[in-house]
Amino acid sequence: MFDLNIPLLSLLIWTPLLGGILLFFINQKNDSLIKLIGFTFSILTFFISIALLINFDTSQYLLQFVEKRSWITTLNINYHLAVDGFSILFILLTTTVSCLIILFNFSESRQQNNKYISLFLILEGLILGVFCAFDSILFYIFFEAMLIPLFLIIGIWGGPNRVYATIKFFIYTLFGSVLMLVALLYLSFKANSFYILDYYNLALSLDIQILLFLAFLIAFGIKIPMWPVHTWLPDAHVEAPSSGSVILAAVLLKVGGYGMIRFLLPITPDAGLYLNSFLIPLSLIAIIYISFVALAQQDMKKLIAYSSVAHMGFVTLGIFLVFNTIGQTQDVQDISHIGLQGSVMQMLSHGLISAGLFICIGIIYSRTKSRMIDDQSGIGQVMPVFSALMMFFLLSNSGLPGTSGFVGEFMVLIAAIKNNIIYAILASTTLVLAASYSLWLGKRVLFGEVSSDIVTSMKPLRLDEFWPLLILAILVILIGIKPDILLDISEESSLNMIKIITSKY
Amino acid sequence: MYWQSMIIIFSPLIGAIILLFKNKSTDFLSSIIANSAIGISMLLSLWLFISYVSGHNISESHLIYTWYATSGYFFEIGLLIDSLTIVMSFIVTFISFFVHMYSITYMKGDPSFKRFFIYTNFFTFSMLFIIFSNNFLQLFIGWELVGLSSYLLIGFWYNKPSAVSANLKAFVVNRVGDIGLLLGVILILITSNSLNYIDFFDKLPLLRDSTINLLGYHIELLPFIALLLFIGAAAKSAQIPLHFWLPDSMEGPTPISALIHAATMVTAGIFMVARLSPLYDLSGYVLDLILVIGVSTALFMGMVALVQNDIKRIIAYSTISQLGYMTAALGASYYSFAIYHLLTHAFFKALLFLCAGSIILKCHHEQDITKMGGLRKIMPITFITFFIAGISLMGVPSMSGFFSKDLIIDIFKYSNNTFVYYSLVLGVFITTLYTSKIFIKVFLGNNQLKIKKKLDLEHSDALIIPLLVLAIPSAFIGWSLFDGVLFNGFFDKSITDYTRLDQFYILHVEHSLSFFLHSLTSLSFIMIILGIVASYFLYYKDDGLLEKISDKFPLLRNILLNEYGFTSLSNTIIPTYFKRLANIIWMKSDVSIIDNFFVNGTANLINFISSKARLMQTGYLYHYAFTMIIGLLLFLIIFYDF
């Protein structure tokens, strides 16, 4: 179909970056041109990612579309891009959500819109870089650089308390990644290479592994975020503009989970097994404790932010359970593979659902200028189509079967019950807790009597608000009905990951 | 059989999707689309049912599509077609069709007319999805989807605060049950490596002696799975202690109460246990637990109905109580009897609700039966059909309800389980009391609401036809399927209790006619007569006897009025403590300890240290010189080799 000599991955990363740079030079008065350029570049990136998907061979786990160019020759650092079954799924998530973000609020005009859209395109390019980079220094650079555009987005277009939130967000996540840099440098000296897959073959002692593990865990645990390093997320969400929240929840958090799969699992499995009696409780706390915190929220965005943390608890649970396969039978390995696939699924699904929910909250906020739950009631009577869509996302958020929200949780629970039925019993309380906070939010905001004149005078849903939501909803249903369209893509990579971990020792 | 079943299942879904995307649709067109979608399913189901009853009784399993396949594990969406499937599909589509027809008139003029039919069509699809399932994953998916439909329909009038509280409660309580169901399903997957019913049943002998480690205790696997699954069934089928969502669900439109909360969805739990009869046969003490829950629900929830005055709530409690009878039969391992009672109950209870619906419409949405009266002349058809359904519910010999309910009571009579037997017989007395109470207060006596008779009989044909049609099975289906179907090996291929059934037939039934004649001298018939006599004095002769009795037992009355405390528990105590706990965790732990102490605390600490350290940068040259000299001296002291 496509000539595979085309450097698709470079195209994928550089298209949005170039688009972003181009937008800086467009006069900010020329609003329609800005939007046109922004949309063209993001849809172009999306098509490139589709081209990747079409040419991706799902029957093998080897890296594909490899691009390797010498970059810093003296240190043997390379511009090394590739994808495997995991990264391509996250690439698709990133390009889809970015496209929808540009589409969302298409008719809204904003101060310095050229820079706003430009930053989103740059952010997209950098995130795509994280998922494609297989040289650890390149990975690190993308990983750090993507903080900057989001920092600016929240810092410039954010809410009243944005300075506090941005600094907290920036320092918190930067603190994590510095330790990761140390770990990456250590590994590169050991392996005498910066190629990430070379790290997988290193034989490391348990003590070293534990140190490396903690370094990576802090970096990715803050990013994803895990309990108890999650408090930056609600603050960042509350202050971020709607589109910023969408990209933060839908894509940025997934970098943490991706990093765990890429680094924690294959490089430091023994440390994982050793520390698991402490890691799994952290995940369970995230699921149960954070769900209770979500139940207490008065601010819609905070509620969804906390719900994100709870959902990420399932992701980390599925990933950490993989460590328990070491030295176990084939049967346990198969189940761990289901759990790992479940974690990936949970991340993708949460990407779509949280995007939908933050767009919904953005739509309410743009009309009532309030995010407080108590300020709105009975929106269902004024905006029925919007309410149906928001209700749909809330139900998906509570893990309703037939939507993507169910698939990941179900698969992680399978792995949990195999390890210890108590884990599964504790984790399954999410069925009640997630339903409680999600539907209670729906009940208070969408149902009931119309509370105020502000609600009565809410404008109907615009097309540029409707289509992103509808597309997300269709994807959520599609994945929920037939999850193997995505699961098959990462199937071989996941099996290979389990093999690496178990065959190593 | 594959294509017929596919059309039965997906025709309602297609109807719902067409309605969803049909932007401008008149009410008439919407109702045509919705009704014909169900109509197709109904006709095909009826055809399959007749062909199964007339001997073409086969069992087959099909794959529809693969949900996910990975090494060693296979998740599928499929079909299992056998006599149990067919009888359930007949019940669901038949009642759904006539409820749809009834709703055309009942919902006329509602601004969300189309939305109503989208929901009901979707509900019918979800229910059929469960019934035709051949594996546990699909069972769970369908299970939650019917819960969703129920949620949406209870809260159909979403600007009514009581409705949106009731539907949240229903969903969350059902989710509690779903935890059990989901854990049970996953345990099945990892112990038998398959989610397919038939694969699992084949592996049961191997799993018989396995145990599972729960907090150091070794628990037998199969009873544990059976217990987990039953938690799901108890929530869906409104058994104590997860029953309290059902009375509140009466906030939904009345046709929905007939369809979902009486005839079909709430029986899903009964259906599931019957479907998994090979598992429950091996689950020992769990069956006893099921029996106890069933009997107590049958008796105690029937008693609550006595003190209610809202016509829909009385019938709702009656539904819970009748589901208790079915559960009791399950607990005694007579699954087919439970399904048989499910069948007859579906018809007469749906009919009772539809009658209640037309009464409520006629009385301008008044639901308190003490304010009604004398409607027999004004609504003659409702009067007659309600009478038929009512005596069927009581179990008057020859009616449908009699054949199914007396079978259940007779199980315990002949197995010498006296306590259960007398409880269920007492339940008959109570059933008779509350049914007669509605009947007397609504149809007899004076026309208190001054409702005028109109020329159009009740309302229109769409309202009357469903009543008349449902009255036929309410009266006759119990007897007509008794010898030739139930006891003629109809469920042989799908339910495991056939040997027990054959023995029961030979020893205690002989023939339907002798069963009927025999019952005229039975204790339950005496109870019905006693109940009618008692209700004559209590409810018809207005001489204050009822008040005297209830004043004599104030404690009992209060307990019943509070529904054994479940009302306050579910409406105030649990939500309040839940919210309080959530607030404590959030404010005390998350905000105070984690965020303020650790996160911002670290930042403040650094700020503090730097503010002190900053003081050293005074800018005076002699300060710096002095510091340098001190530093040098310190170096000398440290490194000087004394």
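Everything numeric in this text was worked out from a predicted model, so none of it was measured. Throughout this document, residue positions are counted from 1 along each chain, in the order its sequence is written. Working convention: letters from A go to chains and numbers from 1 go to ligands, in the order in which they are written. The predicted nature of this model means local features are confined to residues of pLDDT at least 70 and side-chain atom pairs, given and counted, to a pLDDT of 80 or more, with totals for whole chains, interfaces and linings taken over all residues. Hydrogens are left out, water is left out, and the side-chain values use all remaining heavy atoms of the structure.

Moving on, we come to the overall build of chain B. Numbering goes from the N terminus for both helices and strands, where a helix is a DSSP run of H or I of at least four residues and a strand is a run of E of at least two. Scanning chain B from terminus to terminus reveals 27 helices and four strands. With the C-alpha coordinates of chain B rotated into their principal frame, the extents come out at 120 × 60 × 60 Å. For chain B, with 642 residues in total, the buried portion stands at 60%. Each accessible area value is a Shrake-Rupley result obtained with a 1.4 Å probe; residue values ignore everything except the protein chains displayed when judging cover. Accessible surface computed for chain B: about 25300 Å², of which carbon and sulfur atoms make up 69%. Only protein chains enter the calculation, and the probe is 1.4 Å; a residue is then buried if its accessible area is under 20% of its type maximum, exposed if over 50%, and partly exposed in between.

Okay, the overall build of chain A next. Of the regular secondary structure elements, chain A holds 22 helices and two strands. Projected onto its principal axes, the C-alpha positions of chain A cover 65 × 55 × 45 Å. When the 505 residues of chain A are sorted by exposure, 69% land in the buried category. Two residues qualify as a contact provided that any one of their heavy atoms is within 4.5 Å of a heavy atom in the partner residue. For chain A, long-range pairs separated by at least 24 residues make up 83% of all intrachain contacts whose partners lie at least 6 apart in sequence. Charge separation in chain A, taken as the distance between the mean sites of 25 positive and 28 negative side-chain charges, equals 7 Å. As used throughout, the charge tally considers Lys and Arg to be positive and Asp and Glu to be negative, leaving His and the chain termini uncounted. Charge coordinates come from a single atom per side chain, which is NZ of Lys, CZ of Arg, CG of Asp or CD of Glu.

Time to look at the nonpolar core. Only buried Ala, Val, Leu, Ile, Met, Phe, Trp, Tyr and Cys residues count toward a nonpolar core, and they belong to the same one when joined by side-chain atoms within 4.5 Å. Core analysis: the biggest nonpolar cluster contains 441 residues, and Phe410 of chain A together with Phe75, Leu229, Tyr280 and Phe337 of chain B have the highest contact counts within it. The biggest single contributor to this core is helix α15 (residues 335–362) of chain B, with 19 residues. Residue contacts for phenylalanine 410 of chain A: discarding those within four places in its chain leaves Trp67, Phe75, Leu137, Leu182, Ile186 and Leu195 of chain B.

It is worth spelling out the side chain of serine 493 of chain A at this point. Take serine 493 of chain A: it is sitting in helix α22 (residues 484–504). Residues in contact with serine 493 of chain A, not counting those within four places in the same chain, are Tyr61, Asp84, Gly85 and Phe86 of chain A.

It is worth spelling out the pattern of salt bridges at this point. Basic side-chain nitrogens of Lys or Arg form a salt bridge, by our definition, when they fall within 4 Å of a carboxyl oxygen of Asp or Glu. Scanning all chains against the criterion turns up 19 salt bridges over all chains. The salt bridge involving aspartate 484 of chain A is made with lysine 482 of chain A; its shortest N-O contact spans 3.1 Å. Given a relative accessible area of 29%, lysine 482 of chain A falls into the partly exposed group. Across the salt bridge formed by lysine 160 of chain B and glutamate 251 of chain B, the nearest N and O atoms sit 3.3 Å from each other. Of this pair, lysine 160 of chain B sits in the loop between α5 (136–154) and α6 (161–192) while glutamate 251 of chain B is found in the loop between α9 (245–248) and α10 (254–263), placing the two residues 91 residues apart along the sequence. Overall, the relative accessible area of 32% leaves lysine 160 of chain B in the partly exposed class.

What follows is about the interface of chain B and chain A. Contacts between the two partners involve 53 residues from chain B, matched on the other side by 64 residues from chain A. Roughly 5200 Å² is buried in total at the junction of chain B and chain A, and carbon and sulfur atoms are behind 73% of that figure. Values labelled buried area give the accessible surface lost by two parts on being combined, using a 1.4 Å probe and summing over both. The three residues of chain B that bury the most area against chain A are Trp67, Tyr68 and Arg175 of chain B, which together make up 13% of that side's buried surface. Linking chain B with chain A are one salt bridge, by the criterion used here. In this structure, lysine 168 of chain A engages aspartate 595 of chain B in a salt bridge whose closest nitrogen and oxygen atoms are separated by 2.7 Å. Mapped by element, the contributors of at least two residues to the side of chain B that touches chain A are β1 (60–70), β2 (73–81), α5, α6, β3 (211–214) and α26 (566–614) of chain B.

The phi torsion of most residues other than glycine is negative, and most of the peptide bonds are trans. Cis geometry is found at the peptide bond from isoleucine 224 of chain A to proline 225 of chain A, where omega equals -25°. Among the structural elements, proline 225 of chain A can be located in the loop between α9 (206–223) and α10 (232–239). The phi angle at serine 333 of chain B is positive, at roughly 65°, despite the residue not being glycine. Topologically, serine 333 of chain B is positioned in the loop between α14 (311–331) and α15. Phi is positive for histidine 364 of chain B, which is not a glycine, with a value near 55°. By the secondary structure assignment, histidine 364 of chain B is in the loop between α15 and α16 (380–394).

Turning our eyes to something else, we now look at the packing of helix α3 (residues 85–103) of chain A against helix α14 (residues 330–368) of chain A. Residues and elements named next belong to chain A. Here, axes are lines fitted to C-alpha atoms. For helices the fit covers the stretch in contact, and angles between N-to-C directions go from 0 to 180 degrees. Put simply, α3 and α14 touch, their axes get as near as 10 Å, and they point 10° apart. Of the possible angle classes, the one that applies to α3 and α14 is roughly parallel. Contacts between α3 and α14 pair Phe86, Leu89, Phe90 and Leu93 from the former with Leu340, Val344, Met347, Leu348, Gly351 and Leu352 from the latter. When an angle is under 35 degrees it counts as roughly parallel; over 145 it counts as roughly antiparallel; between 65 and 115 it counts as roughly perpendicular; any other value is oblique.

Put simply, a disulfide is two cysteine sulfurs that come within 2.5 Å. Tallied over the full model, the rule gives zero disulfides over all chains. Here cysteine 132 of chain A stays unpaired: no disulfide links it, and the sulfur of cysteine 99 of chain A, its closest cysteine neighbor, is 16 Å away. Cysteine 363 of chain B provides the cysteine sulfur closest to cysteine 355 of chain B, a residue in no disulfide bond, and the two sulfurs are 13 Å apart.

Across the seven residues that make up strand β2 (residues 77–83) of chain A, a large majority, seven, are buried. Here β2 of chain A shows a buried face lined by Ile77, Tyr79, Leu81 and Val83 of chain A and a second buried face lined by Asn78, His80 and Ala82 of chain A.

Under the convention used throughout, the expected extent of a helix is 1.5 Å for every residue step, that is, one less than its residue count. If you check helix α8 (residues 221–236) of chain B, its first and last C-alpha atoms are 23 Å apart, about what 16 residues at 1.5 Å a residue would give, namely 22 Å. Burial analysis of α8 of chain B places 14 of its 16 residues in the buried class, the great majority of the element.

Our next topic: the packing of aromatic side chains. Residue and element names in this part refer to chain B. Each Phe, Tyr or Trp ring, with Trp reduced to its six-membered ring, pairs with another whose centre is within 6.5 Å; inter-plane angles below 30 degrees give stacked pairs, above 60 give edge-to-face pairs, and intermediate values give tilted ones. Scanning the entire structure with this criterion turns up 79 aromatic pairs over all chains. With a centroid separation of 6.1 Å and an interplanar angle of 45°, the aromatic rings of phenylalanine 200 and phenylalanine 201 are classed as tilted. Accessibility expressed as a relative area gives 0% for phenylalanine 200, which makes it buried. With centroids separated by 5.6 Å and ring planes inclined at 50°, the aromatic side chains of phenylalanine 439 and phenylalanine 443 adopt a geometry described as tilted. Of the two residues, phenylalanine 439 and phenylalanine 443 both sit in helix α18 (residues 418–443), four residues apart, roughly one turn of that helix. Assessed through its relative accessible area of 16%, phenylalanine 439 is described here as buried.

Residues and elements named next belong to chain B. We treat two strands as partners when DSSP finds at least two bridges between them. In this sheet, strand β4 (residues 217–220) lies alongside β3 in antiparallel orientation, the contact comprising four bridges. Within the sheet, the bridge partner assigned to threonine 211 lies in β4 and is glutamate 220. Turn length for the β3-β4 hairpin, with the two strands adjacent in sequence and antiparallel, is two residues, and the turn residue leucine 215 shows positive phi of about 50°.

Here, patches come from residues exposed beyond 30% relative accessible area and free of salt bridges, joined within 9 Å for like charges and within 5 Å for nonpolar side chains (Val, Leu, Ile, Met, Phe, Trp, Tyr). The grouping of Phe626, Ile629, Ile630, Leu633, Leu634, Phe635, Leu636, Ile637, Ile638 and Phe639 of chain B at the surface amounts to a nonpolar patch, some 1100 Å² of accessible area in total. On the secondary structure map, phenylalanine 626 of chain B appears in helix α27 (residues 621–639).

Residues and elements named next belong to chain B. Summarising the element assignment, isoleucine 240 is placed in the loop between α8 and α9. Spatially, the C-alpha atoms of isoleucine 240 and glycine 72 are 39 Å apart, while their sequence positions differ by 168 residues. When near neighbours in sequence (up to four residues on either side) are disregarded, isoleucine 240 contacts Ile293, Ser296, Thr297, Phe300 and Met301.

Tracing the backbone through its elements, the reader meets serine 490 of chain A in helix α22. Excluding residues that lie within four positions of it along the chain, serine 490 of chain A makes contacts with Gly85, Phe86, Leu89 and Gln341 of chain A.

Here we take up the confidence of the model for chain A. As a per-residue measure, pLDDT tells how confident the predictor is, with possible values from 0 to 100. Across chain A, pLDDT averages 89, with 99% of residues at or above 70. Per-residue pLDDT, averaged within each element of chain A, yields its smallest value for helix α20 (residues 453–456) of chain A (80) and its largest for helix α13 (residues 300–323) of chain A (93).

A word on α16 of chain B. Over its 15 residues, α16 of chain B runs 21 Å from end to end, which matches the ideal 21 Å to within 8%, given 1.5 Å per residue. Among the residues making up α16 of chain B, those that are buried are Ile381, Thr382, Thr385, Phe386, Ala389, Gly390, Ile391, Ser392, Leu393 and Met394 of chain B.

On to the environment of serine 277 of chain A. All names here are of chain A. Mapping serine 277 onto the fold places it in helix α12 (residues 269–295). Looking at serine 277, the relative accessible area reads 60%, which means it is exposed. Distance from serine 277 to phenylalanine 320, taken between C-alpha atoms, is 9.9 Å for residues 43 residues apart in sequence.

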